[in-house]
Structure formats: structure tokens, C-alpha cells
Amino acid sequence: MTKQTAYEKPIPLKTLDNHEYWDAADRHELKLQKCAECSSFIHPPGPACPTCGSPETEWELLGSDISATVYSYIVSYRPFLPGFQHELPTVITVAALDAAPDVKIMANIIGCDPADVEIGVPLKMTWVDVTDDRALPQWMLARK
Ligand SMILES: [Zn+2]
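Okay, so let's go over this structure. (Residues numbered from 1 in each chain as written. Predicted model: local features only at pLDDT ≥ 70, side-chain atom pairs only at ≥ 80, totals over all residues. Heavy atoms only, no water.)

**Overview of the environment of glutamate 60**
And then number 1: Residue position: glutamate 60 is located in strand E3 (residues 57–63).
And then number 2: Between the C-alpha atom of glutamate 60 and that of glutamate 37, which follows or precedes it by 23 residues, the distance is 14 Å.
And then number 3: The residues touching glutamate 60, leaving out its near neighbours within four places in the chain, are Leu30, Lys31, Leu32, Lys34 and Phe41. (Helix = DSSP H or I, 4+ residues; strand = E, 2+ residues; numbered from the N terminus. Contact = heavy atoms within 4.5 Å.)

Here is the structure:
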């Protein structure tokens, strides 16, 4: 496995609310916070359910085979954050999970021609190892 030693981009901080999400990402899995009261998924993770206000939350492991569709996207030709200047243009999407379309996960679509991206295009989640112990979820165009 290839590891980058000088990763320049920001690495998301783990917090009390989100560490289950990022710990799962480090294992190349998607785990979503869910309300124990009304069963709504909560993403991004937080201290309470935005649907019903309950602070009783639990976590559901969705595994490593995650499909979604492009809900919205932009193609960025300038780096908004350090480290992205080497990978322009960057395709940033908000993707709706096939298993839970109300859940939208924002990440880059990597390894694609921006001309191939449009709303409704199928995606697969992939994880990029950015340090020895951190991995970030990203999207790839799904092969048909
Ligand atoms: Zn709820």
C-alpha cells in the first residue's frame, strides 16, 4: 500500500460527536449516526437529532460497499485550502446515499474527468489513506 508522507491538505479533527464516523473511515468503512428516538440518520454527526431534538443517538455500520448518486457538484479551478493546488481542477460533490437518500455526504470525486460528472451520476465511496492512521472517504464514478 502506498502511503503519503507529506500530506499537505487539512485532516478533519476527531471530536466527541464525530469520532465514530472518522474511526470507521480509517478502517475504510462508513458508519452513520442515527437517532435512537425517530431512527433518522444524522449527518454530519452532532450532539442531538436535528429532526426530533433527541440527544439519544446510536451508530449504524453501513460497511465498505457504499453507492450514491451525485446530488450536486462544483468543479473548482482554484485551491480553497492548502494542498489542493496540485490537483486542479477539483470536483467537489454532495452525494445522496442510495441506502438513505436523505443522507448527503460531501467529498471530492477523484480520478475522473470533470466532463463526465453530472447530477444523477452513480458513485462509489472509496477511502484514501492520507497518513499512517487516517483515511478520508472520497467518491469515484461507478462503472456501469
Ligand atoms: Zn430523532
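**Some thoughts on the coordination of the zinc ion**
And then number 1: For the zinc ion, the protein coordination sphere consists of Cys35 (SG), Cys38 (SG), Cys49 (SG) and Cys52 (SG), at 2.3 Å.
And then number 2: Each of the four donor atoms bound to the zinc ion contributes to angles spanning 104 to 116°, and the resulting shape is tetrahedral.
And then number 3: For the zinc ion, the single-chain donor residues occur in sequence as C-x2-C-x10-C-x2-C.
And then number 4: Residue cysteine 52 is classed as partly exposed on the basis of its relative accessible area of 40%. (Donors = N, O, S within 2.8 Å, 3.2 Å for Na, K, Ca; no water. Tetrahedral: all angles 85-135°; square planar, octahedral: opposite > 155°, others 65-115°. Buried < 20%, exposed > 50% of the residue type's maximum accessible area, 1.4 Å probe, protein only.)

**Side note on the side chain of serine 76**
And then number 1: Take serine 76: it is sitting in strand E4 (residues 67–76).
And then number 2: A residue is classified by how much of its surface remains accessible, and serine 76, at 5% relative accessible area, is buried.
And then number 3: Once you skip the residues sitting within four places of it in the chain, serine 76 turns out to touch Leu88, Pro89, Thr90 and Ile92.

**Observations regarding unusual backbone geometry**
Across residues other than glycine, the phi torsion is negative in most instances, and most of the peptide bonds are trans.
And then number 1: Here histidine 43 and proline 44 are connected by a cis peptide whose omega angle stands at -5°.
And then number 2: Structurally, proline 44 is set in the loop between strand E2 (41–42) and E3.
And then number 3: Even without glycine at this site, histidine 28 takes up a positive phi of about 60°.
And then number 4: Looking at the element boundaries, histidine 28 is found in the loop between helix H1 (19–26) and strand E1 (30–35).

**Some remarks on the layout of surface pockets**
Remark: the empty space left among the atoms is shown by a probe the size of a water molecule rolled over them.
And then number 1: The space that makes up the largest pocket amounts to roughly 1000 Å³.
And then number 2: Going through the elements one at a time, H1, strand E5 (90–97), strand E6 (104–109) and strand E8 (135–141) are the ones with two or more residues in the lining of the largest pocket.
And then number 3: Ranked by residues supplied to the lining of the largest pocket, first place goes to E6 with five residues.
And then number 4: When the residues that make up the lining of the largest pocket are grouped by side-chain class, the tally is 28 nonpolar, 10 polar and four charged. (1 Å grid on protein atoms, 1.4 Å probe; cavity = no way out; pocket = protein on both sides within 12 Å on 5 of 7 lines; lining within 4 Å. Points joined across faces, edges and corners; volume = space filled by probe spheres on them. Nonpolar A, V, L, I, M, F, W, Y, C, P; charged D, E, K, R; others polar.)

**Quick notes on the environment of threonine 69**
And then number 1: Structurally, the position occupied by threonine 69 is in strand E4.
And then number 2: Once the C-alpha coordinates of threonine 69 and isoleucine 42 are considered, the two residues, 27 residues apart in sequence, prove to be 19 Å apart.

**A short note on the pairing of E4**
And then number 1: Looking at chain direction, E4 and strand E7 (residues 122–129) are connected through three bridges and run antiparallel. When the sheet's bridge partners are listed, serine 67 is paired in E7 with lysine 124.
And then number 2: Where E4 meets E5, eight bridges bridge the pair, whose relative direction is antiparallel. Its bridge partner being in E5, valine 75 is matched across the sheet by valine 91. (Pairing = 2+ DSSP bridges.)

**Regarding the side chain of lysine 9**
And then number 1: Examined against the element boundaries, lysine 9 turns out to sit in the segment before H1.
And then number 2: In this view, lysine 9 contacts Pro82, Gly83, Phe84 and Glu87; residues no more than four positions away in its chain are not counted.

**Focus on the pairing of E5**
And then number 1: Within E5, six of the eight residues are buried, which leaves the element mostly enclosed by the surrounding structure.
And then number 2: Here E5 runs beside E6; their pairing, made up of six bridges, is antiparallel. Counted as the bridge partner of threonine 93 is alanine 107 from E6.
And then number 3: Counting the residues that bridge the hairpin from E5 to E6 gives six residues.

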